[in-house]
Amino acid sequence: NSTNEEIKQSAKDMRDAWTEVRKDVKVTAGELVHFRVGEIVKRAEQLEARLTKVIDKAKANGKDTTALQSLVDQFKQKVADARQKYEQAKQKYTEAKTAGNVDEVVKEANQLLKEANKDLKEAHTILKSIVKELRTKNAEKELEDTKVETNKSTEESNEQGTETIEVSGTTGDV
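Figured I'd write up the structure that's included with this text. (Residues numbered from 1 in each chain as written. Predicted model: local features only at pLDDT ≥ 70, side-chain atom pairs only at ≥ 80, totals over all residues. Heavy atoms only, no water.)

This brings us to the nonpolar core. The biggest cluster of nonpolar side chains holds 18 residues, and the ones touching the most others in it are V37, Y93, V106 and L120. Going through the elements one at a time, α1 (2–60), α2 (66–96) and α3 (102–136) are the ones with two or more residues in this core. Of all hydrophobic cores here, the second largest spans 15 residues; its members include L51, A123, I126 and I130. (Core = buried A, V, L, I, M, F, W, Y, C linked by side-chain atoms within 4.5 Å. Buried < 20%, exposed > 50% of the residue type's maximum accessible area, 1.4 Å probe, protein only. Helix = DSSP H or I, 4+ residues; strand = E, 2+ residues; numbered from the N terminus.)

Two quantities define a packed helix pair, namely the angle between the axes and the distance from one axis to the other. Between α2 and α3, the shortest axis-to-axis distance is 8 Å and the interhelical angle comes to 165°. Comparing the axis directions of α2 and α3 gives the class roughly antiparallel. Once α2 is placed against α3, the crossing between them reads as left-handed. Within the contact of α2 with α3, the residues separate by chemical class into 24 nonpolar, four polar and ten charged. (Axes fitted to C-alpha atoms, helices over the stretch in contact; angles between N-to-C directions. Parallel < 35°, antiparallel > 145°, perpendicular 65-115°, else oblique. Left-handed = near helix turned anticlockwise from the far one by under 90°. Nonpolar A, V, L, I, M, F, W, Y, C, P; charged D, E, K, R; others polar.)

This brings us to the pattern of salt bridges. In the structure shown here, the tally under the stated rule is nine salt bridges. Its salt-bridge partner being E39, residue R43 comes within 3.3 Å of it at the nearest N-O pair. Residue R43 and its partner E39 are both found in helix α1; the two are separated by four residues, about one turn of the helix. Where E87 meets R83, a salt bridge forms, and the shortest distance between an N and an O atom there is 3.2 Å. Of this pair, E87 and R83 are both found in helix α2, four residues apart, which corresponds to roughly one turn of the helix. Salt bridges here are not isolated pairs; linked through shared partners, they connect E39, K42 and R43. (Salt bridge = Lys/Arg side-chain N within 4 Å of Asp/Glu carboxyl O.)

Treat this as a map of the structure, not an account of what it does.
Below, the structure is given as structure tokens:
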């Protein structure tokens, strides 16, 4: 009978180990998506700096930047919202590593990342409007001439791989 008990104990140990591995995989997968969203947020923040420089330059040239400033403010707000949700998701993933209810915590973190992704998509739509406004004011060259250390473009797909966010440094790519 000791053999049956040993088999039962081994099976229990394997189930426990498998449960731990599944938990680690869920957290690690979430952290990977989290990292990618963070990179997009960082690049969007760099783009904010470029847009601010463009507005300052246009103002210095005596152009009316009221409409453009309003769009840039909306863009900045969406990026800030995405950043906040990104940070909250980061905390959730850290919490998930020690939580007993890993599935629930990871689900909450994933939801926050989906909301951050939605904010970034909305920021991208606003960015398109900004570029359109710049083109109507012939300020395209100012955007291209304004340098901020950033990569030219970054793309990120959501978890299902069906949607793309693109933040671009030149107006021709948007």
